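What follows is each chain in one-letter form.
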Amino acid sequence: MSREPNPEPDEPATIYVGQDAAGHWLVQDSGHRLEGRFVSRDAAIGYARGECRMHHACLCMATAPLVPFVSFAPLTDGERVAA
């Protein structure tokens, strides 16, 4: 008999809204499973609130600059995937 993994975390997730060192608005979760980059504080908070409702998470404003999990640097020719 196979067991399905428990989709619920042991403790509630926290979703952070803040800026990185370059001033971009980011949304990240404490489990490093969620990250988004936004053009404004309002856009980031709006997205984070929806994610908090869906995942029963807490929303926190970051007090220090966030460090992106995913690089926002442009892709090089070798990294691009053909369509």
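The model shown is predicted, which means the values in this text are computed figures rather than measured ones.

**So, the confidence of the model for the protein**
Line of reasoning, step 1. Averaged over the protein, the pLDDT score is 85; the fraction of residues at 70 or greater is 78%.
Line of reasoning, step 2. Per-element confidence in the protein ranges from a low mean pLDDT of 95 for strand β3 (residues 35-38) to a high of 97 for strand β1 (residues 14-19).

**Points about the sheet that holds strand β4 (residues 58-61)**
Line of reasoning, step 1. The sheet built from four strands is open, its strands ordered β3-β2-β1-β4 with mixed pairing. Each having just a single partner strand, β3 and β4 make up the two edges of the open sheet. Between one strand axis and the next, the sheet turns by 20 degrees as a mean value, whatever way the strands run.
Line of reasoning, step 2. With five bridges connecting them, β1 and strand β2 (residues 25-29) associate as antiparallel partners.

**Some remarks on the packing of aromatic side chains**
Line of reasoning, step 1. Counting across every chain of the model gives one aromatic pair.
Line of reasoning, step 2. On the basis of an interplanar angle of 35 degrees and a centroid distance of 5.1 Å, the ring pair of Phe38 and Tyr47 is categorised as tilted.
Line of reasoning, step 3. Classification of Tyr47 by relative accessible area gives partly exposed; the value is 31%.
Line of reasoning, step 4. The ring of Phe72 carries Arg37 above its face, with NZ or CZ at 4.4 Å from the centroid.

**Observations regarding the nonpolar core**
Line of reasoning, step 1. Core analysis: the largest hydrophobic core is formed by twelve residues, namely Ala13, Ile15, Val17, Trp25, Val27, Leu34, Phe38, Ala44, Ile45, Ala48, Cys52 and Ala57.
Line of reasoning, step 2. Residue assignment for this core shows that the elements contributing at least two residues are β1, β2 and α1 (41-55).
Line of reasoning, step 3. By residue number, the principal contributor to this core is α1, which donates four residues.
Line of reasoning, step 4. With residues up to four places along the chain from it excluded, the contact list for Ile15 reads Val27, Gln28, Asp29, Leu34, Ala48, Glu51, Cys52, Ala57, Cys58, Leu59 and Cys60.

Conventions adopted
Residues numbered from 1 in each chain as written. Predicted model: local features only at pLDDT ≥ 70, side-chain atom pairs only at ≥ 80, totals over all residues. Heavy atoms only, no water. pLDDT = per-residue confidence, 0-100. Helix = DSSP H or I, 4+ residues; strand = E, 2+ residues; numbered from the N terminus. Pairing = 2+ DSSP bridges. Axes fitted to C-alpha atoms, helices over the stretch in contact; angles between N-to-C directions. Phe/Tyr/Trp six-rings, centres within 6.5 Å; stacked < 30°, edge-to-face > 60°. Buried < 20%, exposed > 50% of the residue type's maximum accessible area, 1.4 Å probe, protein only. Lys NZ or Arg CZ within 6 Å of the ring centre and 35° of its normal. Core = buried A, V, L, I, M, F, W, Y, C linked by side-chain atoms within 4.5 Å. Contact = heavy atoms within 4.5 Å.

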